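Structural characterization, general
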Amino acid sequence: EEQLVESGGGLVQAGGSLRLSCAASGFTFDDYAIGWFRQAPGKEREGVSCISNSDGSTYYADSAKGRFTISSDNAKNTVYLQMNSLKPEDTAVYYCAAVHLYIFSRRGWVDNDCDYWGQGTQVTVSS
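From a predicted model like this one, the values you see are computed outputs, not experimental measurements. (Residues numbered from 1 in each chain as written. Predicted model: local features only at pLDDT ≥ 70, side-chain atom pairs only at ≥ 80, totals over all residues. Heavy atoms only, no water.)

Along a regular strand, successive side chains alternate from one face of the sheet to the other. The element strand β5 (residues 46-52) is extensively covered by neighbouring structure, given that 6 of its 7 residues are classed as buried. Inspection of the sheet shows strand β4 (residues 32-39) paired to β5 by 6 bridges, in the antiparallel sense. Along β5, the bridge assignment pairs Trp-36 with Ser-49. Sheet analysis places β5 next to strand β6 (residues 58-60), joined by 3 bridges and oriented antiparallel. Following the sheet pairing, Ile-51 is matched in β6 by Thr-58. The antiparallel pairing of β5 with β6 creates a hairpin that spans 5 residues between the two strands, and Gly-56 there sits at a positive phi of about 80 degrees. (Buried < 20%, exposed > 50% of the residue type's maximum accessible area, 1.4 Å probe, protein only. Helix = DSSP H or I, 4+ residues; strand = E, 2+ residues; numbered from the N terminus. Pairing = 2+ DSSP bridges.)

In this sheet, strand β8 (residues 78-83) lies alongside strand β7 (residues 68-73) in antiparallel orientation, the contact comprising 6 bridges. Across the sheet, Thr-69 pairs through a bridge with Gln-82, a residue of β8. Once β7 ends, the chain turns through 4 residues before running back antiparallel as β8, passing Asn-77 with a positive phi of about 55 degrees.

Our next topic: the packing of aromatic side chains. Counted by the stated rule, this structure contains 6 aromatic pairs. Pairing Phe-27 with Tyr-32 gives two aromatic rings, centres 4.9 Å apart and planes at 65 degrees, and the pair type is edge-to-face. Ring centres of Phe-27 and Tyr-116 lie 4.6 Å apart, and the angle between their planes is 25 degrees; on these two criteria the pair is classed as stacked. Of this pair, Phe-27 sits in the loop between β3 (18-25) and β4 while Tyr-116 sits in strand β10 (residues 116-117), and the two are 89 residues apart along the sequence. Taken together through their ring pairs, the aromatic side chains of Phe-37, Tyr-95, Trp-109 and Trp-117 make up a single cluster. Positioned above the aromatic ring of Tyr-102, the side-chain terminus of Arg-106 is 3.8 Å from the ring centre. (Phe/Tyr/Trp six-rings, centres within 6.5 Å; stacked < 30°, edge-to-face > 60°. Lys NZ or Arg CZ within 6 Å of the ring centre and 35° of its normal.)

Another point: the state of the cysteines. Two cysteines whose sulfur atoms are joined by a covalent bond form what is called a disulfide. A complete count under the given rule lists 1 disulfide for this structure. Linked covalently through their sulfurs, Cys-22 and Cys-96 form a disulfide whose S-S length is 1.9 Å. Taking the sign of the S-S torsion, -75 degrees for the link of Cys-22 and Cys-96, the bridge is left-handed. Separated by 74 residues along the polypeptide, Cys-22 in strand β3 and Cys-96 in strand β9 (residues 92-100) bring together distant segments of the chain. In terms of burial, Cys-22 and Cys-96 fall into one category: buried. With no disulfide of its own, Cys-50 lies closest to Cys-114 among cysteine sulfurs, the gap being 8.4 Å. Judged by its relative accessible area of 11%, Cys-114 is buried. (Disulfide = S-S within 2.5 Å.)

So, about the pattern of salt bridges. Tallied over the full model, the rule gives 6 salt bridges. For Arg-38, the salt bridge goes to Glu-46, with nearest N and O atoms at 2.8 Å. You can call Glu-46 partly exposed: its relative accessible area is 30%. The closest approach of N and O atoms between Asp-113 and Arg-107, which form a salt bridge, is 2.6 Å. Here the salt bridges do not stand alone but share partners, grouping Arg-38, Glu-46, Arg-67 and Asp-90 into one network. (Salt bridge = Lys/Arg side-chain N within 4 Å of Asp/Glu carboxyl O.)

Next comes the structure, spelled out in structure tokens:
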């Protein structure tokens, strides 16, 4: 069974840091790009960041550039999102997702293209 299991969300003060983890199982890790979307109450889901597990190339939304770093441990089939300098506007449910590299190379990081999803983890940043 294909699974993405997330961990690492929580409550943090503005300026603080959190690290999200996404452990993948049941599919070929190296054939996918894996990353995060987030959705705040009343807002549309937004792509945050992803990484190609084939060549390590990364994507960051403008809101994440310079503050978030995505990395992948292929030996552990796990992707990490280090989030620094957090702001209240980063508050959202963060969802890990995976898209096949064949689709990712043609369309980028698009939520409707993702084959697998995690359960979501809440990130709350207080001011």
